[in-house]
Amino acid sequence: MRNRYRVLVCGHTGRGNYGHGLDTVWQHVPSCEIVGVVDPDEAGRVAGLRRLEVTSGYASLEEGLAAEQPDIVAICPRWIDAHRDWVLAVAATGAHIYMEKPFCRSAAEADEIIAACEASGTKLALAHQTRYSPVTSAVKRLLEDGAIGELLEIRARGKEDHRGGGEDLWVLGSHLMNLIHHLAGEPEWVQAQCEVEGRAVMAADIREGNEGLGPLAGDTVRAMYGLPNGATAFFGSRRGAAGNRFGLQLFGSTGVIELLTGYLPAASILRDPSWSPARSGKAWETITSAGIGMPEEVRDEGGHGGNLAAVHDLLAAIADDRHPECSMYEGRVSVEMICGVFASHRSGQRESLPLREREHAWATWS
(Lines give C-alpha, C1' and ligand atoms only; values in the text may rest on other atoms or scores of the structure.)
Protein backbone atom coordinates (compact mmCIF):
# COMPACT_ATOMS: atom_id res chain seq x y z
CA MET A 1 0.00 0.00 0.00
CA ARG A 2 1.30 3.44 -0.89
CA ASN A 3 2.17 5.95 1.81
CA ARG A 4 -0.02 8.68 0.32
CA TYR A 5 -2.95 8.74 -2.11
CA ARG A 6 -4.07 11.90 -3.91
CA VAL A 7 -7.87 12.20 -3.71
CA LEU A 8 -10.06 14.38 -5.90
CA VAL A 9 -13.51 15.00 -4.38
CA CYS A 10 -16.34 15.52 -6.88
CA GLY A 11 -19.72 16.89 -5.91
CA HIS A 12 -22.49 18.82 -7.64
CA THR A 13 -24.34 21.23 -5.39
CA GLY A 14 -28.06 21.18 -6.14
CA ARG A 15 -27.79 17.91 -8.06
CA GLY A 16 -26.93 15.32 -5.46
CA ASN A 17 -24.45 17.47 -3.54
CA TYR A 18 -21.69 15.42 -1.85
CA GLY A 19 -23.65 12.32 -0.91
CA HIS A 20 -23.65 10.92 2.60
CA GLY A 21 -20.22 11.98 3.85
CA LEU A 22 -18.27 10.75 0.82
CA ASP A 23 -16.35 14.04 0.80
CA THR A 24 -15.33 14.39 4.46
CA VAL A 25 -14.36 10.75 5.11
CA TRP A 26 -10.95 11.33 3.46
CA GLN A 27 -9.99 13.82 6.17
CA HIS A 28 -9.90 10.86 8.57
CA VAL A 29 -7.71 8.54 6.47
CA PRO A 30 -4.02 9.33 7.16
CA SER A 31 -2.80 7.73 3.92
CA CYS A 32 -5.03 9.99 1.81
CA GLU A 33 -4.79 13.68 0.96
CA ILE A 34 -7.60 15.68 -0.64
CA VAL A 35 -5.92 17.67 -3.43
CA GLY A 36 -8.90 19.29 -5.11
CA VAL A 37 -12.66 19.75 -5.28
CA VAL A 38 -14.84 19.55 -8.40
CA ASP A 39 -18.27 21.18 -8.32
CA PRO A 40 -19.97 22.79 -11.36
CA ASP A 41 -21.85 25.09 -8.96
CA GLU A 42 -19.61 28.01 -8.02
CA ALA A 43 -21.11 28.72 -4.59
CA GLY A 44 -21.09 25.04 -3.74
CA ARG A 45 -17.50 24.73 -4.89
CA VAL A 46 -16.40 27.57 -2.63
CA ALA A 47 -18.22 25.98 0.30
CA GLY A 48 -16.65 22.62 -0.48
CA LEU A 49 -13.16 24.08 -0.53
CA ARG A 50 -13.76 25.66 2.85
CA ARG A 51 -15.29 22.52 4.35
CA LEU A 52 -12.51 20.24 3.11
CA GLU A 53 -9.71 22.75 3.75
CA VAL A 54 -8.48 22.65 0.15
CA THR A 55 -7.40 25.50 -2.13
CA SER A 56 -7.79 23.96 -5.62
CA GLY A 57 -11.30 24.00 -7.06
CA TYR A 58 -12.57 23.07 -10.52
CA ALA A 59 -15.82 23.58 -12.40
CA SER A 60 -15.45 20.37 -14.42
CA LEU A 61 -14.22 16.86 -13.71
CA GLU A 62 -11.97 16.90 -16.77
CA GLU A 63 -10.25 20.05 -15.53
CA GLY A 64 -9.70 18.57 -12.08
CA LEU A 65 -8.36 15.27 -13.44
CA ALA A 66 -5.89 17.02 -15.73
CA ALA A 67 -4.62 19.41 -13.07
CA GLU A 68 -4.38 17.08 -10.08
CA GLN A 69 -3.75 13.61 -11.61
CA PRO A 70 -5.40 11.92 -8.60
CA ASP A 71 -4.97 8.33 -7.49
CA ILE A 72 -8.55 8.12 -6.22
CA VAL A 73 -11.69 10.04 -7.16
CA ALA A 74 -14.71 10.31 -4.87
CA ILE A 75 -17.86 10.58 -7.00
CA CYS A 76 -20.18 11.92 -4.34
CA PRO A 77 -23.52 13.08 -5.83
CA ARG A 78 -26.62 11.06 -4.95
CA TRP A 79 -28.08 11.92 -8.37
CA ILE A 80 -27.05 9.21 -10.80
CA ASP A 81 -27.55 10.84 -14.18
CA ALA A 82 -23.84 11.75 -14.38
CA HIS A 83 -22.42 8.63 -12.73
CA ARG A 84 -21.71 6.82 -16.01
CA ASP A 85 -20.01 9.79 -17.67
CA TRP A 86 -17.92 10.63 -14.61
CA VAL A 87 -16.76 7.04 -14.12
CA LEU A 88 -15.73 6.72 -17.77
CA ALA A 89 -13.72 9.94 -17.50
CA VAL A 90 -11.98 8.77 -14.32
CA ALA A 91 -11.33 5.25 -15.61
CA ALA A 92 -9.63 6.69 -18.69
CA THR A 93 -6.94 8.08 -16.35
CA GLY A 94 -6.53 4.82 -14.40
CA ALA A 95 -7.56 6.38 -11.09
CA HIS A 96 -9.67 4.39 -8.61
CA ILE A 97 -13.19 5.32 -7.48
CA TYR A 98 -15.37 5.51 -4.38
CA MET A 99 -18.93 6.29 -5.50
CA GLU A 100 -22.31 7.03 -3.99
CA LYS A 101 -25.25 4.72 -4.67
CA PRO A 102 -27.36 4.00 -6.65
CA PHE A 103 -24.77 2.75 -9.15
CA CYS A 104 -26.23 3.96 -12.47
CA ARG A 105 -29.48 4.08 -14.45
CA SER A 106 -29.49 0.88 -16.50
CA ALA A 107 -27.79 -2.43 -17.13
CA ALA A 108 -26.32 -0.92 -20.31
CA GLU A 109 -24.65 1.86 -18.33
CA ALA A 110 -23.36 -0.70 -15.82
CA ASP A 111 -21.86 -2.70 -18.68
CA GLU A 112 -20.06 0.38 -19.99
CA ILE A 113 -18.71 1.26 -16.56
CA ILE A 114 -17.43 -2.25 -15.92
CA ALA A 115 -15.81 -2.53 -19.35
CA ALA A 116 -13.99 0.80 -18.87
CA CYS A 117 -12.80 -0.07 -15.36
CA GLU A 118 -11.65 -3.53 -16.42
CA ALA A 119 -9.67 -2.03 -19.28
CA SER A 120 -7.87 0.48 -17.03
CA GLY A 121 -7.54 -1.65 -13.91
CA THR A 122 -9.70 0.80 -11.95
CA LYS A 123 -11.05 -0.44 -8.63
CA LEU A 124 -14.55 0.88 -7.95
CA ALA A 125 -16.21 0.69 -4.52
CA LEU A 126 -19.86 1.57 -3.87
CA ALA A 127 -21.02 3.35 -0.73
CA HIS A 128 -23.48 0.74 0.54
CA GLN A 129 -22.48 1.19 4.19
CA THR A 130 -24.53 -1.75 5.48
CA ARG A 131 -22.63 -4.05 3.14
CA TYR A 132 -19.42 -3.21 5.07
CA SER A 133 -21.01 -3.62 8.50
CA PRO A 134 -19.56 -6.18 10.93
CA VAL A 135 -23.16 -6.88 11.94
CA THR A 136 -23.95 -7.87 8.36
CA SER A 137 -20.94 -10.18 8.44
CA ALA A 138 -22.27 -11.75 11.65
CA VAL A 139 -25.69 -12.28 10.03
CA LYS A 140 -24.07 -13.92 7.00
CA ARG A 141 -22.13 -16.29 9.26
CA LEU A 142 -25.31 -17.23 11.11
CA LEU A 143 -27.06 -18.00 7.82
CA GLU A 144 -24.15 -20.12 6.65
CA ASP A 145 -24.05 -21.94 9.99
CA GLY A 146 -27.75 -22.83 9.72
CA ALA A 147 -28.94 -20.65 12.60
CA ILE A 148 -32.40 -20.39 10.98
CA GLY A 149 -32.22 -23.64 9.03
CA GLU A 150 -32.86 -23.59 5.28
CA LEU A 151 -33.51 -20.11 3.90
CA LEU A 152 -37.04 -20.05 2.46
CA GLU A 153 -37.79 -16.41 1.73
CA ILE A 154 -36.71 -12.80 2.23
CA ARG A 155 -39.05 -9.85 2.70
CA ALA A 156 -37.86 -6.29 2.07
CA ARG A 157 -39.64 -2.94 2.12
CA GLY A 158 -38.47 0.59 1.48
CA LYS A 159 -39.17 3.66 3.60
CA GLU A 160 -42.57 4.13 1.90
CA ASP A 161 -42.62 7.88 2.50
CA HIS A 162 -43.38 10.48 -0.21
CA ARG A 163 -40.99 8.55 -2.47
CA GLY A 164 -42.95 5.31 -2.13
CA GLY A 165 -43.15 3.16 -5.24
CA GLY A 166 -40.62 3.48 -8.04
CA GLU A 167 -38.48 6.18 -6.45
CA ASP A 168 -38.28 4.22 -3.19
CA LEU A 169 -37.22 1.16 -5.19
CA TRP A 170 -34.28 3.09 -6.62
CA VAL A 171 -33.14 5.24 -3.70
CA LEU A 172 -33.69 2.92 -0.71
CA GLY A 173 -34.27 -0.35 -2.51
CA SER A 174 -30.73 -0.31 -3.90
CA HIS A 175 -29.46 -0.94 -0.34
CA LEU A 176 -31.83 -3.87 0.08
CA MET A 177 -31.09 -5.40 -3.32
CA ASN A 178 -27.40 -5.33 -2.49
CA LEU A 179 -28.03 -7.10 0.82
CA ILE A 180 -30.32 -9.73 -0.74
CA HIS A 181 -27.60 -10.49 -3.28
CA HIS A 182 -24.83 -10.57 -0.67
CA LEU A 183 -26.69 -12.75 1.83
CA ALA A 184 -28.61 -15.10 -0.46
CA GLY A 185 -26.91 -15.15 -3.85
CA GLU A 186 -27.54 -13.63 -7.26
CA PRO A 187 -31.25 -13.70 -8.25
CA GLU A 188 -32.21 -15.75 -11.30
CA TRP A 189 -35.50 -14.07 -12.26
CA VAL A 190 -37.92 -11.29 -11.32
CA GLN A 191 -41.67 -10.85 -11.68
CA ALA A 192 -43.17 -7.49 -10.78
CA GLN A 193 -46.04 -5.04 -11.04
CA CYS A 194 -46.07 -1.24 -10.72
CA GLU A 195 -49.21 0.77 -10.01
CA VAL A 196 -50.29 4.38 -9.89
CA GLU A 197 -53.47 5.34 -8.01
CA GLY A 198 -54.63 1.74 -7.92
CA ARG A 199 -54.16 0.86 -11.60
CA ALA A 200 -51.30 -0.59 -13.60
CA VAL A 201 -48.69 1.90 -14.81
CA MET A 202 -48.97 2.61 -18.54
CA ALA A 203 -46.51 4.18 -20.94
CA ALA A 204 -48.32 7.52 -20.71
CA ASP A 205 -47.59 7.67 -16.96
CA ILE A 206 -43.81 7.61 -17.36
CA ARG A 207 -41.89 10.78 -16.55
CA GLU A 208 -38.29 11.63 -15.84
CA GLY A 209 -37.69 10.60 -12.24
CA ASN A 210 -36.39 12.77 -9.43
CA GLU A 211 -32.64 12.93 -8.71
CA GLY A 212 -31.67 11.89 -12.24
CA LEU A 213 -33.12 8.39 -11.83
CA GLY A 214 -34.32 8.08 -15.42
CA PRO A 215 -37.79 6.92 -16.59
CA LEU A 216 -40.09 6.51 -13.60
CA ALA A 217 -43.74 6.14 -12.65
CA GLY A 218 -45.86 4.54 -9.97
CA ASP A 219 -46.71 4.90 -6.30
CA THR A 220 -46.70 1.15 -5.63
CA VAL A 221 -44.21 -1.60 -6.47
CA ARG A 222 -44.53 -5.35 -5.86
CA ALA A 223 -41.61 -7.52 -6.92
CA MET A 224 -40.69 -11.18 -6.46
CA TYR A 225 -37.22 -12.64 -7.11
CA GLY A 226 -36.13 -16.23 -7.56
CA LEU A 227 -32.98 -16.95 -5.55
CA PRO A 228 -30.54 -19.85 -5.81
CA ASN A 229 -31.53 -23.07 -4.02
CA GLY A 230 -35.23 -22.33 -4.38
CA ALA A 231 -35.62 -19.40 -1.97
CA THR A 232 -37.71 -16.36 -2.92
CA ALA A 233 -37.25 -12.66 -2.14
CA PHE A 234 -39.98 -10.02 -2.10
CA PHE A 235 -39.72 -6.22 -2.29
CA GLY A 236 -42.67 -3.93 -1.75
CA SER A 237 -43.23 -0.19 -1.47
CA ARG A 238 -46.40 1.89 -1.34
CA ARG A 239 -46.36 5.68 -1.09
CA GLY A 240 -47.55 6.96 2.27
CA ALA A 241 -47.48 3.55 3.98
CA ALA A 242 -44.49 4.48 6.16
CA GLY A 243 -44.19 2.25 9.22
CA ASN A 244 -40.50 1.99 10.07
CA ARG A 245 -40.18 -1.29 8.13
CA PHE A 246 -37.13 -0.34 6.04
CA GLY A 247 -34.89 -3.39 6.11
CA LEU A 248 -34.85 -7.15 5.54
CA GLN A 249 -36.44 -10.14 7.20
CA LEU A 250 -34.95 -13.52 6.33
CA PHE A 251 -37.26 -16.48 6.99
CA GLY A 252 -35.77 -19.95 7.44
CA SER A 253 -37.13 -23.37 8.24
CA THR A 254 -36.26 -22.95 11.95
CA GLY A 255 -36.40 -19.18 12.53
CA VAL A 256 -36.21 -15.58 11.35
CA ILE A 257 -33.44 -12.97 11.17
CA GLU A 258 -34.20 -9.26 10.86
CA LEU A 259 -31.53 -6.87 9.56
CA LEU A 260 -32.03 -3.12 9.21
CA THR A 261 -29.58 -0.68 7.59
CA GLY A 262 -26.60 1.43 8.63
CA TYR A 263 -23.03 0.75 9.65
CA LEU A 264 -24.13 -0.91 12.92
CA PRO A 265 -27.73 -1.78 12.05
CA ALA A 266 -30.21 -3.27 14.46
CA ALA A 267 -30.37 -7.02 13.93
CA SER A 268 -32.13 -9.82 15.77
CA ILE A 269 -33.02 -13.48 15.53
CA LEU A 270 -36.20 -15.37 16.40
CA ARG A 271 -35.39 -19.06 16.86
CA ASP A 272 -38.91 -20.22 16.13
CA PRO A 273 -39.95 -22.37 13.14
CA SER A 274 -43.54 -21.06 13.38
CA TRP A 275 -42.28 -17.46 12.93
CA SER A 276 -44.88 -16.47 15.55
CA PRO A 277 -43.87 -15.50 19.10
CA ALA A 278 -47.56 -15.28 19.97
CA ARG A 279 -47.90 -19.02 19.32
CA SER A 280 -44.50 -20.27 20.43
CA GLY A 281 -43.65 -17.96 23.30
CA LYS A 282 -40.17 -17.52 21.82
CA ALA A 283 -38.44 -14.15 22.13
CA TRP A 284 -36.33 -12.13 19.70
CA GLU A 285 -32.59 -12.07 20.56
CA THR A 286 -30.18 -9.29 19.59
CA ILE A 287 -27.43 -9.94 17.06
CA THR A 288 -24.27 -7.83 17.31
CA SER A 289 -20.98 -8.02 15.44
CA ALA A 290 -19.87 -10.51 18.13
CA GLY A 291 -22.87 -12.83 17.70
CA ILE A 292 -26.23 -13.62 19.28
CA GLY A 293 -26.81 -11.92 22.65
CA MET A 294 -23.23 -10.64 22.87
CA PRO A 295 -22.23 -7.05 23.78
CA GLU A 296 -21.37 -4.89 20.78
CA GLU A 297 -17.61 -4.51 20.48
CA VAL A 298 -17.57 -1.95 17.66
CA ARG A 299 -18.17 1.76 18.21
CA ASP A 300 -21.15 3.10 16.29
CA GLU A 301 -19.93 5.94 14.07
CA GLY A 302 -23.00 5.99 11.86
CA GLY A 303 -22.56 6.55 8.15
CA HIS A 304 -19.07 7.89 8.74
CA GLY A 305 -18.03 4.52 10.14
CA GLY A 306 -19.43 2.80 7.06
CA ASN A 307 -17.54 5.16 4.78
CA LEU A 308 -14.31 4.58 6.71
CA ALA A 309 -14.73 0.82 6.41
CA ALA A 310 -15.42 1.11 2.69
CA VAL A 311 -12.45 3.40 2.05
CA HIS A 312 -10.04 1.20 3.99
CA ASP A 313 -11.30 -1.81 2.04
CA LEU A 314 -10.81 0.09 -1.23
CA LEU A 315 -7.21 0.90 -0.28
CA ALA A 316 -6.61 -2.76 0.58
CA ALA A 317 -8.18 -3.81 -2.74
CA ILE A 318 -5.81 -1.47 -4.60
CA ALA A 319 -2.81 -2.87 -2.72
CA ASP A 320 -3.88 -6.51 -3.13
CA ASP A 321 -5.11 -6.11 -6.73
CA ARG A 322 -8.57 -7.44 -5.93
CA HIS A 323 -12.06 -6.03 -6.21
CA PRO A 324 -13.56 -4.11 -3.26
CA GLU A 325 -16.11 -5.86 -1.07
CA CYS A 326 -18.98 -3.85 -2.59
CA SER A 327 -17.71 -3.71 -6.16
CA MET A 328 -19.02 -2.55 -9.51
CA TYR A 329 -20.15 -6.14 -10.15
CA GLU A 330 -22.41 -6.05 -7.08
CA GLY A 331 -23.61 -2.64 -8.27
CA ARG A 332 -24.62 -4.11 -11.62
CA VAL A 333 -26.62 -6.89 -9.97
CA SER A 334 -28.54 -4.33 -7.87
CA VAL A 335 -29.28 -2.22 -10.96
CA GLU A 336 -30.54 -5.29 -12.83
CA MET A 337 -32.76 -6.26 -9.90
CA ILE A 338 -34.29 -2.77 -10.00
CA CYS A 339 -34.53 -2.42 -13.77
CA GLY A 340 -35.88 -5.96 -13.92
CA VAL A 341 -38.96 -4.68 -12.10
CA PHE A 342 -39.63 -2.24 -14.94
CA ALA A 343 -38.91 -4.87 -17.59
CA SER A 344 -41.26 -7.39 -15.98
CA HIS A 345 -44.05 -4.85 -15.59
CA ARG A 346 -43.77 -3.84 -19.24
CA SER A 347 -43.77 -7.43 -20.53
CA GLY A 348 -46.28 -8.73 -18.01
CA GLN A 349 -44.06 -11.77 -17.56
CA ARG A 350 -41.25 -13.17 -15.45
CA GLU A 351 -37.91 -11.79 -16.66
CA SER A 352 -34.66 -13.74 -16.44
CA LEU A 353 -31.69 -12.25 -14.65
CA PRO A 354 -29.22 -11.10 -15.92
CA LEU A 355 -31.53 -9.07 -18.16
CA ARG A 356 -31.54 -9.80 -21.87
CA GLU A 357 -32.54 -6.21 -22.70
CA ARG A 358 -29.71 -4.03 -21.39
CA GLU A 359 -31.34 -0.64 -22.01
CA HIS A 360 -33.99 0.62 -19.56
CA ALA A 361 -37.24 -1.11 -20.51
CA TRP A 362 -39.28 2.05 -19.98
CA ALA A 363 -37.02 4.36 -21.99
CA THR A 364 -38.64 3.34 -25.30
CA TRP A 365 -42.06 2.23 -24.07
CA SER A 366 -44.74 3.90 -26.14
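Residues numbered from 1 in each chain as written. Predicted model: local features only at pLDDT ≥ 70, side-chain atom pairs only at ≥ 80, totals over all residues. Heavy atoms only, no water.

**Q** What's the story with the nonpolar core in this structure? I'm lost.
**A** Within the largest apolar cluster, 112 residues are counted, with the highest numbers of intra-cluster contacts made by Trp-26, Phe-103, Leu-124, Trp-170 and Tyr-225. In terms of residue count, helix 10 (residues 328-347) provides more of this core than any other element does, 9 residues in total. Once you skip the residues sitting within four places of it in the chain, Trp-170 turns out to touch Ile-80, Pro-102, Cys-104, Arg-105, Leu-213, Leu-216, Val-335, Ile-338, Cys-339 and Phe-342. (Core = buried A, V, L, I, M, F, W, Y, C linked by side-chain atoms within 4.5 Å. Buried < 20%, exposed > 50% of the residue type's maximum accessible area, 1.4 Å probe, protein only. Helix = DSSP H or I, 4+ residues; strand = E, 2+ residues; numbered from the N terminus. Contact = heavy atoms within 4.5 Å.)

**Q** Explanation requested: the layout of surface pockets in the structure shown.
**A** It is the rolling of a water-molecule-sized probe over the atoms that shows where space remains empty. Looking at the largest pocket, its volume works out to about 350 Å³. Residue lining of the largest pocket: 20 residues in total, with His-20, Lys-101, Gln-129, Leu-172 and His-175 positioned closest to the centre. Of the residues belonging to the lining of the largest pocket, the class tally is 6 nonpolar, 7 polar and 7 charged. (1 Å grid on protein atoms, 1.4 Å probe; cavity = no way out; pocket = protein on both sides within 12 Å on 5 of 7 lines; lining within 4 Å. Points joined across faces, edges and corners; volume = space filled by probe spheres on them. Nonpolar A, V, L, I, M, F, W, Y, C, P; charged D, E, K, R; others polar.)

**Q** Sorry, what's going on with the sheet that holds strand 2 (residues 32-38) here?
**A** Sheet strands pair via backbone hydrogen bonds, and the direction of the pair is either parallel or antiparallel. Pairing is parallel across the open sheet formed by 6 strands, whose spatial order is 3-2-1-4-5-6. Only two strands of the sheet have a single neighbouring strand rather than two, namely strand 3 (57-58) and strand 6 (124-126). Bridge count between strand 4 (residues 72-75) and strand 5 (residues 96-99): 4 bridges; the pairing is parallel. Counterpart to Val-73 in the pairing with strand 5 is Ile-97. (Pairing = 2+ DSSP bridges.)

**Q** How do you make sense of unusual backbone geometry when you look at a structure like this?
**A** With an omega of -5 degrees, the peptide bond running from Lys-101 to Pro-102 counts as cis. Summarising the element assignment, Pro-102 is placed in the loop between strand 5 and helix 4 (107-120). Residues Leu-353 and Pro-354 are joined by a peptide bond in cis, for which omega reads 0 degrees. Turning to its location among the elements, Pro-354 is positioned in the segment after strand 19 (351-352). Positive phi is not limited to glycine here, since Glu-160 has a value of about 55 degrees. Here Glu-160 shows up in the loop between strand 7 (151-157) and helix 6 (166-171). Look at Asn-229: it is not a glycine, yet its phi comes out positive at around 65 degrees.

**Q** Teacher, can you tell me more about the pairing of strand 5 here?
**A** Working note: regular strand, side chains alternate between the two faces of the sheet. Residues His-96 and Tyr-98 of strand 5 are buried on one face, and the alternating residues Ile-97 and Met-99, pointing to the opposite face, are buried as well. Since strand 4 and strand 5 lie parallel, the crossover through helix 3 (residues 83-91) that links them has a hand, and here it is right-handed. In this structure, strand 5 lies alongside strand 6, joined through 3 bridges in parallel fashion. Bridged to Ile-97 within strand 6 is Leu-124. Note on the crossover from strand 5 through helix 4 to strand 6: the handedness is right-handed. (Right-handed = clockwise from strand over helix to strand, strands pointing away.)

**Q** How do you make sense of the side chain of His-181 when you look at a structure like this?
**A** Positionally, His-181 belongs in helix 7 (residues 173-184). Judged by relative accessible area, which is 14%, His-181 ranks as buried. In this view, His-181 contacts Glu-186, Glu-330 and Val-333; residues no more than four positions away in its chain are not counted.

**Q** Sorry if this is basic, but what is going on with helix 4 here?
**A** Structurally, the α-helix is built with 3.6 residues per turn, so residues lying three or four positions apart point the same way. For helix 4, with 14 residues, the first-to-last C-alpha span of 20 Å sits near the 20 Å given by 1.5 Å per residue. Looking only at helix 4, the buried set comprises Ala-107, Ala-108, Glu-109, Ala-110, Ile-113, Ile-114 and Cys-117. In the core, the buried residues of helix 4 are packed alongside helix 3, strand 6 and helix 10. Count one or two residues on from helix 4 and you reach Gly-121, which has phi positive near 80 degrees. (Expected span 1.5 Å × (residues − 1).)

**Q** How should I be thinking about the environment of Asp-272 in this particular structure?
**A** With respect to the secondary-structure elements, Asp-272 resides in the loop between strand 16 (267-270) and helix 8 (277-280). Every residue in contact with Asp-272, bar those within four places of it in the chain, is listed here: Thr-254, Gly-255, Pro-277, Ser-280 and Lys-282. Side chain to side chain, Asp-272 and Ser-274 meet in a polar contact 2.7 Å long. (Polar contact = N/O pair within 3.5 Å; in protein donor to acceptor, adjacent residues only side chain to side chain.)

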